[in-house]
Structure formats: structure tokens, C-alpha cells
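Architecture at a glance
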Amino acid sequence: MAAPKTISIKLKVWRQSNPEAKGEFKTYQATDVSPHMSFLEMLDVVNGDIIKAGDDPIAFDHDCREGICGSCGAVVNGEAHGPKSQVTLCQLHMRSFNDGDEITLEPWRASAFPVVKDLVVDRSAFDRIIAAGGYISVKTGSAPDAHCLPVSKVDADAAFDAAQCIGCGACVAACPNASASLFVGAKVSQFSLLPQGQPERKSRVKKMVWQMDSEGFGNCSNAFACEAACPKGITVDFISRMNREL
Amino acid sequence: MKLHSNEPDGKLSEKWEKHKFQMKLVNPANKRKVKLIVVGTGLAGASASASLSELGYDVHTFCIHESPRRAHSIAAQGGINAAKNYRNDGDSVYRLFYDTIKGGDFRARESNVHRLAENSVKIIDQCVAQGVPFAREYGGLLDNRSFGGAQVSRTFYAKGQTGQQLLLGAYSAMMKEVNAGGVKLYHSCEMLDLVLVDGKARGIIVRNLRTGELETHAADAVIVATGGYGNVFYLSTNAKQSNVTAAWRCHKRGAFMANPCYTQIHPTCIPVKGDYQSKLTLMSESLRNDGRVWVPKKKDDTRKPSEIPDEERDYYLERKYPSFGNLVPRDIAARNAKEQCDDGKGVSESGLAVYLDFRDAIKRDGRKAVEARYGNLFDMYYQIIDSNPYEEPMVIYPAVHYTMGGLWVDYNLMSNVPGLHVLGEANFSDHGANRLGASALMQGLSDGYFVIPSTIGNYISSTDLPKVSETDKAFEDAKKECQDYIDKLLGIKGSKTVDEFHRELGLVMWDLCGMARDKAGLEEAIKRIRDIRDQFWKDVHVSGEQNNLNQELEKAGRVADYMEFAEQFAIDALHREESCGGHFRTEHQTEEGEAKRDDENFSYVAAWEFKGVGNAPELHKEELVFEEVQPSQRSYK
Ligand SMILES: Cc1cc2nc3c(=O)[nH]c(=O)nc-3n(C[C@H](O)[C@H](O)[C@H](O)COP(=O)(O)OP(=O)(O)OC[C@H]3O[C@@H](n4cnc5c(N)ncnc54)[C@H](O)[C@@H]3O)c2cc1C
Ligand code: FES
């Protein structure tokens with residue numbers, strides 16, 4: 001472990017008090033930042049100072065702070081979830097920055113994700129896509145014994161890889177077209193890789209893609225920025241799989 | 001008041017079947033007219049919402065998160081138990097029942113626990129059918145791992161992301177019902193109060209967290225599944241928004257709070273680093289399958305772990321508990337870690353850590369095998385600590401993790417307030433004084449998929465429920481009380497932040513109500529909690545306004561509730577003059593330093609009735625009757 005010395009950071013943060021407000025960047029100074037702090041802990045400290053100065057703290061979504069709930073996320077110096085690959089904003093630590101760095105923080109930018117306040121956006125479009133077909137229709141109590149249906153380990157592992165999506169929306173934020181193809185592709189693939197998913201396979205992909213389009217997400221033009229931004233390492237192969245299913 | 005479990009009589013293994021037959025049903029055509037409120041979309045709330053809607057009820061589901069999929073259940077790592085006996089290693093419904101009762105140190109209700117064990121097998125079937133990608137073996141069948149407190153392999157898992165996969169299963173089942181029109185979803189809504197009409201739970205008050213507006217919602221019954229209260233300690237492994245608010249406000253409306261002092265301190269978490277620390281990260285118990293816990297034999301040993309030869313290491317769990325070794329239950333593993341550190345054997349800069357070492361597992365099975373089992377946990381550890389567990393042992397220390405206590409419920413999962421049902425971690429029901437690993441997910445899903453769908457019908461069909469409206473006086477009054485409360489919080493404009501108060505409270509709880517408790521300390525805790533609470537109401541600064549997204553206001557309400565709840569927590573711990581499971585009173589221990597129960601005087605559930613803030617709550621007892629299992633001194637030697 002490196003000896004803890006502290007660093008100072010200049011933050012340029014997007015402030016927007018409500019969905020209708022125009023919004024602007026404001027500058028804050030974070031001093032005495034320990035490299036062991038997580039990015040969100042650094043924001044907590046900055047917010048403490050803002051509150052004491054009588055202002056409104058920076059709003060940001062967060063909950064688990066361990067990279068699994070998908071709540072957190074912001075564009076850090078142009079990169080969704082910041083400079084490190086395969087970590088969420090809450091898992092990013094200040095040791096990834098240097099003394100004197102300037103950091104620009106913005107919310108996800110996509111018309112399907114309207115800003116609620118500051119760094120908080122509304123991602124309920126994702127829930128509506130799932131509601132449109134992101135499930136296997138099995139009523140409680142009607143399932144056969146779990147071992148009735150063996151699944152090859154290869155398929156099960158691939159389905160798990162797809163199912164790891166945390167629904168954070170970084171893929172949308174990173175995509176030049178604000179497409180949700182990685183999110184939808186991952187869910188479609190999880191089920192189409194499993195025998196349980198077969199009966200609804202054809203209709204599921206159609207309904208989900210239709211919903212994605214009607215939410216105002218853009219088309220995939222194979223920029224692959226989503227894969228680079230995904231904190232869970234979900235690959236664009238799942239987008240190809242979705243396209244084959246259509 | 002003597003509390004009754006309302007379980008049917010008869011043979012333990014036949015109770016649930018018998019009860020299901022005896023309960024009244026609701027005519028399918030009438031179910032659409034029955035409106036149910038579900039608060040919470042964790043495993044318990046989401047599974048309940050989906051199942052109740054499938055039955056035909058008109059379900060209205062609320063959560064504080066911006067998406068139901070973000071509930072704290074998503075973070076569960078290690079796995080879910082089920083008595084499938086796929087391993088042929090001697091497991092059975094009875095053994096799971098027995099392990100859970102014993103693991104809970106004989107402080108849980110037998111009938112509930114047996115039902116839980118029965119339901120466990122159906123949960124796995126349900127989840128597999130939903131497409132939950134559990135780990136599988138090469139033959140295509142499900143894999144299992146072992147967890148603490150059991151000698152059989154009955155834990156089903158999806159890498160270190162079991163909670164995520166199970167929650168996404170329950171969430172998608174619920175979203176299917178949203179699409180079908182059976183569930184109406186209200187995200188970003190916080191329940192602030194329970195509304196009673198004629199003594200029955202008939203609705204809730206919520207604050208829309210986006211607009212700040214207070215809304216009233218009426219229903220025929222209310223189901224609360226809002227999770228646990230571990231964050232009363234400020235630092236815990238719980239997600240930041242986990243709270244006691246919904247449960248506490250129900251309590252203030254008359255629902256009894258049971259065994260609030262039963263808290264689980266998890267032995268394997270990443271140690272605290274600095275005062276800026278905002279939460280603690282769990283390293284799943286499954287790691288103890290392959291990781292060996294040790295400290296240097298020498299006190300204050302500053303050598304690197306790799307420089308300490310085997311004969312100078314104390315694998316203290318293996319030494320003290322040869323038959324369970326590193327797989328002893330959590331309370332025992334946690335207490336032993338504390339003991340080693342108190343004894344000066346702790347490692348890392350703070351001395352408040354022990355090693356969890358994978359060297360031997362990697363030597364035995366190869367790095368690849370270890371990576372397949374724990375890869376994502378190792379990555380998470382690396383992100384936080386910046387040290388590679390494939391090469392250096394992990395440093396771990398106990399942290400608050402789970403709360404066995406919660407709102408009191410009977411066998412039907414109904415509280416003492418008619419119509420108010422409580423599921424998942426929010427109730428007290430199945431884990432006694434200590435929960436075994438991989439059993440919370442099982443309980444949440446058992447409650448939601450299989451128990452409440454049966455028991456709610458019985459309540460509805462056997463209760464007179466005249467129509468109520470959201471504009472009735474009871475609703476207007478409750479709404480006004482919530483409004484006054486918010487105005488009061490926003491009006492203080494003091495000098496300290498909400499977080500500062502929360503931290504202060506957390507420290508008192510950790511120091512005086514944590515892994516080891518005693519009379520003097522608990523009395524001191526009560527005094528200090530009251531002081532902090534007084535200070536809070538004089539000097540907290542809640543910024544911003546009501547009619548907007550205001551995360552400080554949200555936190556303030558939750559911390560205010562923790563300050564009231566904390567006092568009751570300490571009172572419960574003080575009154576329970578025995579040690580059991582996670583409740584360790586230093587005055588009550590065996591010669592070997594293990595928890596010493598007092599069955600003669602404390603074999604009961606302590607259910608507290610609210611009597612006003614700062615007033616002593618009134619104790620009601622539910623005697624625990626053990627017909628099947630003989631309580632004994634737990635031994636994991
Ligand atoms: C890090 C970690 C790992 C774990 N690993 C395991 C494991 O491997 N196996 C296991 O069995 N258990 C594990 N547990 C325990 C288990 O995850 C929880 O006990 C369980 O998920 C709780 O589920 P729940 O449905 O009761 O509540 P939660 O999942 O906490 O859900 C609570 C819900 O209530 C909502 N809510 C809360 N307050 C309000 C309010 N006032 N108004 C409206 N809505 C509200 C929230 O939005 C959320 O939807 C783990 C716990 C932690 C912390
Ligand atoms: S806060 Fe949960 S993923 Fe970052």
C-alpha cells in the first residue's frame with residue numbers, strides 16, 4: 001500500500017437545479033483528498049463543505065458503493081465512470097488522480113435519460129424496456145424441478161456474462177448515438193442462450209427492440225464505445241447476437 | 001400482552017400444509033377489487049408483488065430507488081440455501097431447519113423456520129425457470145458450495161453475484177406484471193407513514209422524491225418489505241439508502257419492534273481506513289470455504305505476511321473449532337477476530353484486521369479454479385485496497401451486516417396491527433439471534449413467493465374492510481403530520497451536517513452496542529444517544545427545499561428515525577441479560593468465552609411497544625416453544 005499523502009483536485013461540476021433549468025458548470029476545490037478515498041467519498045467531503053457554506057450540495061445517485069446496484073455514474077473528463085476500465089464511479093479511487101488535476105463531471109447525456117438534478121438522470125426507460133419483454137413468463141409455483149433441464153456449462157456461463165449488466169446506463173452515455181443496444185443485447189442474449197428462454201425467444205427481442213426505439217435511444221453504428229465504458233465488461237458480441245435474433 | 005404466533009397446532013412438518021388448507025381463499029373474481037400496497041422491491045417486495053399480481057390482486061408497489069432493480073438485495077454475494085440434497089451429502093428439509101434453529105442460537109420460532117426450509121426447494125425451481133444463471137457443473141446440473149454453520153453443501157450461487165441474479169429474476173417477474181397491468185409501480189417514493197383506519201392498516205403516506213410532493217395511498221392491506229436497519233451503525237455493509245424509516249414509522253403507529261438488538265456482525269469485511277469512510281464492503285463468507293484465517297502468533301508482529309513462516313502463524317479458527325474450522329457461524333468468527341485483535345495480534349496499520357489467506361487453495365487447486373470461484377470478489381478487493389489477494393492474503397475485519405430483529409410478525413407474517421404485513425429483513429421472523437449465511441435471500445423469497453400469497457387471502461376474506469378514501473380524515477391527518485415533520489427538519493438550519501450526526505451516532509453504537517456489550521456500556525449508550533438526538537434537533541443543517549430532489553432531506557428523516565430507534569436498540573440489549581448469537585453480553589459467557597444463554601429466563605421474543613420518544617417502550621413477550629429441537633449449548637468444536 002502506498003503511504004497516504006493527500007492531493008488537491010479542482011472540480012468542474014454540472015449544476016442543474018431541476019429538469020427544466022438550464023444548468024451550468026461550477027467550480028469547486030477539493031483539498032486534503034486521501035488517495036484511498038473513493039470518488040464518491042471525495043464528493044461527500046466536497047458536499048459537506050458546500051452545505052457548511054450554505055449552498056445546495058451536488059446531487060448524485062448512489063447506493064451500494066460497491067459496483068453492483070448501477071445507481072452511480074457520471075461522465076468524468078469525457079469518460080463514463082472515469083478513466084479506469086471496468087469500474088463504476090463508486091469503485092474509482094482517488095489514487096487514479098494526481099495532485100493538481102482538474103476533473104470535469106457531467107451527468108449522462110442522452111435524450112432518453114433526462115436530467116433530474118445535477119448528476120442525477122432518469123433511467124426509467126430501461127425499466128420500460130424490461131417490462132416490454134425482458135423476462136421469462138413463469139408464474140410463481142409453476143416451475144418444474146430445477147434439474148429437469150440441464151444447461152451446458154458453456155451456455156450457462158455465457159448467459160451469466162450477459163446477465164451481469166447492472167443497468168447503469170454508461171453504454172448509452174458513451175455511445176455517439178446514445179443507443180441502448182448493449183443493455184438490450186445483454187438481456188436478450190441471457191435468455192436466448194438458455195433453454196428456458198426459447199418459447200418467447202422471437203417475440204421477446206422484437207418487443208424489447210421496439211420499446212428501445214420508441215424511448216428515443218439511437219441506433220447502433222458499431223462504434224463499440226459502449227463496450228469500453230461498460231463497468232462489467234459486457235461485450236458487443238451480445239449486440240451481434242441480438243441482431244441475429246431479430 | 002402475551003403475543004401469539006397464530007400457528008396451527010399439529011405436527012411441525014405438517015403445519016404449513018394444514019394451514020394452507022385451513023385458510024380461507026378469495027374468490028378469483030374478487031381479487032381484482034382488492035388493492036394491496038407493497039413497500040419495497042428487494043427480493044421480498046419484488047417477489048411478493050409479482051406473485052400477488054399473478055393471483056389477480058391489484059398491486060401498488062413503492063420503492064425509494066429510481067429503479068426497483070436497485071434495491072439493496074442486489075448486493076448479496078455468496079448464495080442462497082436450499083435443502084435440495086443434490087449432493088447426496090445428507091441434507092434434508094429437517095437438517096436445514098435444524099441448522100437454522102441452532103445457528104440462530106435457539107431464539108427463533110420453530111414453525112416459521114420449518115416452513116422456510118420446506119419452501120427453500122421451490123425457490124430454486126422458480127428461479128431456474130425464470131432464467132437465473134446459477135453456477136453449473138460440466139454435466140449441466142447446478143453446482144453447490146458450503147457456507148458457515150453447516151456441514152453440507154447446500155448453497156446455490158451465481159459467482160459472487162447471487163443477490164443480483166435473484167433480484168433481477170424477481171424484478172423481471174414483477175416487470176412482467178407491470179406490463180400486464182397488475183402491478184402499478186411508484187419508483188422514487190419514500191414511505192413516511194402508515195395510515196390506520198379503525199385500527200387496521202389501510203394505507204400509506206409517501207413523499208415523491210423527485211417532486212417533493214406528499215401523496216396518500218389507500219388500500220385493503222399494506223405489505224412492508226423495506227429491508228434492515230444496519231445503518232444505525234453508520235458504517236455497515238448495507239447500501240447507503242437502507243433505512244429503518246418505514247418500519248419505525250409503522251412502529252410509532254403501533255406495530256411492535258422485536259429483538260432490535262439482534263444484529264449480525266459479519267466476520268469478513270474490508271477494514272476501515274479513514275474518517276471519510278462512507279461504508280464498508282463485505283467479502284463474501286463463501287471465501288472461508290477456501291481462505292484460511294490467521295494472525296501472527298507473536299504480538300505486534302510487523303513482518304509482511306509472506307515472511308511469517310507457518311509455524312509462527314495461528315490459524316485460530318482451525319485450532320479452536322476443529323470440526324467446523326474456518327466455517328464456524330458468523331457470530332463466532334467475528335468475535336474471535338475481535339479477540340485476536342484486542343489481544344494485540346491484529347495486523348495491518350491499524351491493528352484491527354486479520355488475514356484471510358488463499359495461498360494454500362491456489363497451491364492445491366490452481367489460480368484458475370480460485371479465480372472461477374471468487375474472481376469478482378478478488379477484483380473488488382483489489383479496487384479498494386490496491387493489493388492483490390492472489391499474491392498477498394486479504395486483510396479483513398468484522399462489520400455490521402444484517403439485522404435479525406425487525407417488526408414482530410405472526411406465522412402469517414402479519415404484525416400486531418391488523419392488515420400490516422412485514423416481509424424479508426424488515427421482519428424479525430426466522431433467524432433468531434444469528435443468521436446463517438445464504439439464508440436471508442432464501443427468507444426474502446420464501447416470504448414473497450410462497451408465504452404472503454397464501455396468508456394475505458385469509459386476512460382479506462376473513463376481515464371486514466369497508467371502503468376508505470385517500471381524502472378521509474385519517475389520511476389528511478397523517479399527511480399533515482409528515483408535512484410538519486419535514487418543515488421542522490428544514491427549519492432548524494443549524495451548523496452540523498446530517499452525516500456528521502449520523503457518524504457520531506454510529507460510533508456510539510459500534511463502541512457500546514457492537515460485538516461485545518455490557519450493562520455499564522449500554523447505559524452509557526442510552527445517555528449518549530439521547531444527547532446526540534437532542535443536539536440533532538437543535539443544530540442539524542438540512543439544506544435545500546422540500547419541492548425538489550433533496551437528498552439531504554431524505555437522509556435527515558432517516559437519521560432522525562435512527563436516533564429514536566437506537567435508544568430502543570440499546571434498551572433491548574440492556575434488558576436481555578444473557579448472551580445469544582450476535583448479542584454478546586460480556587457478563588454472560590462460558591469459561592471458554594462462548595455465548596451463554598439463559599433459557600430459563602430469556603427464551604422469548606422481546607416485542608417492544610412504542611410509548612413516545614424518550615419514554616421507555618413497553619415489553620411484550622412471545623414465549624418460544626421448542627417441541628422438536630432441544631435447545632443446547634451450541635458447539636462447533
Ligand atoms: C453486502 C451484502 C451481501 C449479502 N450477501 C448475502 C448472501 O450471499 N446470501 C444471503 O442470503 N443474504 C445476503 N445478504 C443479506 C440479504 O442481501 C438481505 O438481507 C436481503 O437482500 C434483504 O432483502 P429485502 O427484500 O428484505 O430488502 P432490501 O433488498 O433491502 O429492499 C428494501 C426495499 O425497500 C425499499 N425501501 C426502503 N425504505 C423505504 C421507504 N421508506 N419507502 C419506500 N421504499 C423503501 C427500497 O427501495 C428497496 O426496494 C447480504 C447483505 C449484504 C449487505
Ligand atoms: S453505487 Fe452502486 S454501482 Fe455505484
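Everything quoted here is computed from the prediction, not taken from an experiment.

All names here are of chain A. Considered domain by domain, chain A is made up of domain 1 (7–115) and domain 2 (124–245). Relative to domain 2, the C-alpha centre of domain 1 lies at a distance of 29 Å. Carbon and sulfur atoms make up 63% of the surface buried where domain 1 meets domain 2, a total of about 1,200 Å² over both sides. If you sort the residues of domain 1 by the area they bury against domain 2, Gln86, Ala112 and Phe113 come out on top, with a joint share of 36%. Counting across the domain 1 and domain 2 interface gives 0 salt bridges. Here domain 1 and domain 2 share 2 residue pairs in polar contact (both at pLDDT 80 or more) between them. In terms of residue class, the side of domain 1 that touches domain 2 is built from 9 nonpolar, 6 polar and no charged.

Taken together, the contact between chain A and chain B spans 76 residues of the former and 71 residues of the latter. Each partner contributes to the roughly 6,300 Å² buried at the junction of chain A and chain B, and carbon and sulfur atoms together form 53% of this total. For the pair chain A and chain B, the interface holds 6 salt bridges. The partner of B:Lys279 in a salt bridge is A:Glu66, and the shortest N-O contact between them spans 2.9 Å. The tally of links from chain A across to chain B stands at 41 residue pairs in polar contact (both at pLDDT 80 or more). Those elements that place two or more of their residues in the side of chain A that touches chain B are helix H1 (39–52), strand E6 (115–117), strand E7 (120–121), helix H2 (124–133), helix H3 (153–163) and helix H5 (181–192) of chain A. Classifying every residue of the side of chain A that touches chain B gives 37 nonpolar, 21 polar and 18 charged.

Now for the site of ligand 1. Close to ligand 1 lie 38 residues, the nearest being B:His65, B:Ser73, B:Gly78, B:Met191 and B:Glu425. Chains contributing residues near ligand 1 are chains A and B. B:Ile64 places a main-chain nitrogen or oxygen 3.1 Å from an oxygen atom of ligand 1. Between an oxygen atom of ligand 1 and a main-chain N or O atom of B:Ser439, the distance comes to 3.2 Å. Expressed as a share of its isolated accessible area of 1,000 Å², the protein-covered part of ligand 1 is 98%. At the level of secondary structure, the elements contributing two or more residues to the shell around ligand 1 comprise helix H3 (43–55), strand E6 (189–197), strand E15 (394–403) and helix H12 (440–461) of chain B. Per-element tally for the shell around ligand 1: the top contributor is E6(B), with 3 residues. Of the residues belonging to the shell around ligand 1, the class tally is 17 nonpolar, 17 polar and 4 charged.

Let's shift gears to the sheet that holds strand E8 (residues 214–218) of chain B. Residue and element names in this part refer to chain B. With antiparallel pairing, 3 strands are arranged side by side in an open sheet as E6-E7-E8. Both outer strands of the open sheet, E6 and E8, are each paired with one neighbouring strand and no more. Each adjacent strand pair in this sheet contributes to an overall mean axis angle of 25°, direction not counted. Across 8 bridges, E6 lies against strand E7 (residues 200–208) in antiparallel orientation. Across the sheet, residue Cys189 finds its bridge partner in E7, namely Asn208. Across the face of the sheet, helix H13 (residues 473–492) comes into contact with E6, E7 and E8 while running at roughly 140° to E6.

All names here are of chain B. Along its sequence, chain B is carved into domain 1 (267–400) and domain 2 (473–600). Domain 1 and domain 2 are separated by 30 Å when their C-alpha centres are compared. Contact with domain 1, which involves 13 residues of that partner, is made by 9 residues of domain 2. Of all residues in domain 1, Asp331, Arg335 and Lys338 bury the most surface against domain 2, accounting for 50% of the area lost on that side. Counting every contact that joins domain 1 to domain 2 gives 0 salt bridges.

Reading the values: rules and limits
Residues numbered from 1 in each chain as written. Chains lettered and ligands numbered in written order. Predicted model: local features only at pLDDT ≥ 70, side-chain atom pairs only at ≥ 80, totals over all residues. Heavy atoms only, no water. Domains from an automatic or database assignment. Buried area = accessible area lost by both parts, 1.4 Å probe. Salt bridge = Lys/Arg side-chain N within 4 Å of Asp/Glu carboxyl O. Polar contact = N/O pair within 3.5 Å; in protein donor to acceptor, adjacent residues only side chain to side chain. Nonpolar A, V, L, I, M, F, W, Y, C, P; charged D, E, K, R; others polar. Contact = heavy atoms within 4.5 Å. Helix = DSSP H or I, 4+ residues; strand = E, 2+ residues; numbered from the N terminus. Near = heavy atom within 4 Å. Areas by Shrake-Rupley, 256 points an atom, 1.4 Å probe, with all protein chains shown as cover. Pairing = 2+ DSSP bridges. Axes fitted to C-alpha atoms, helices over the stretch in contact; angles between N-to-C directions.

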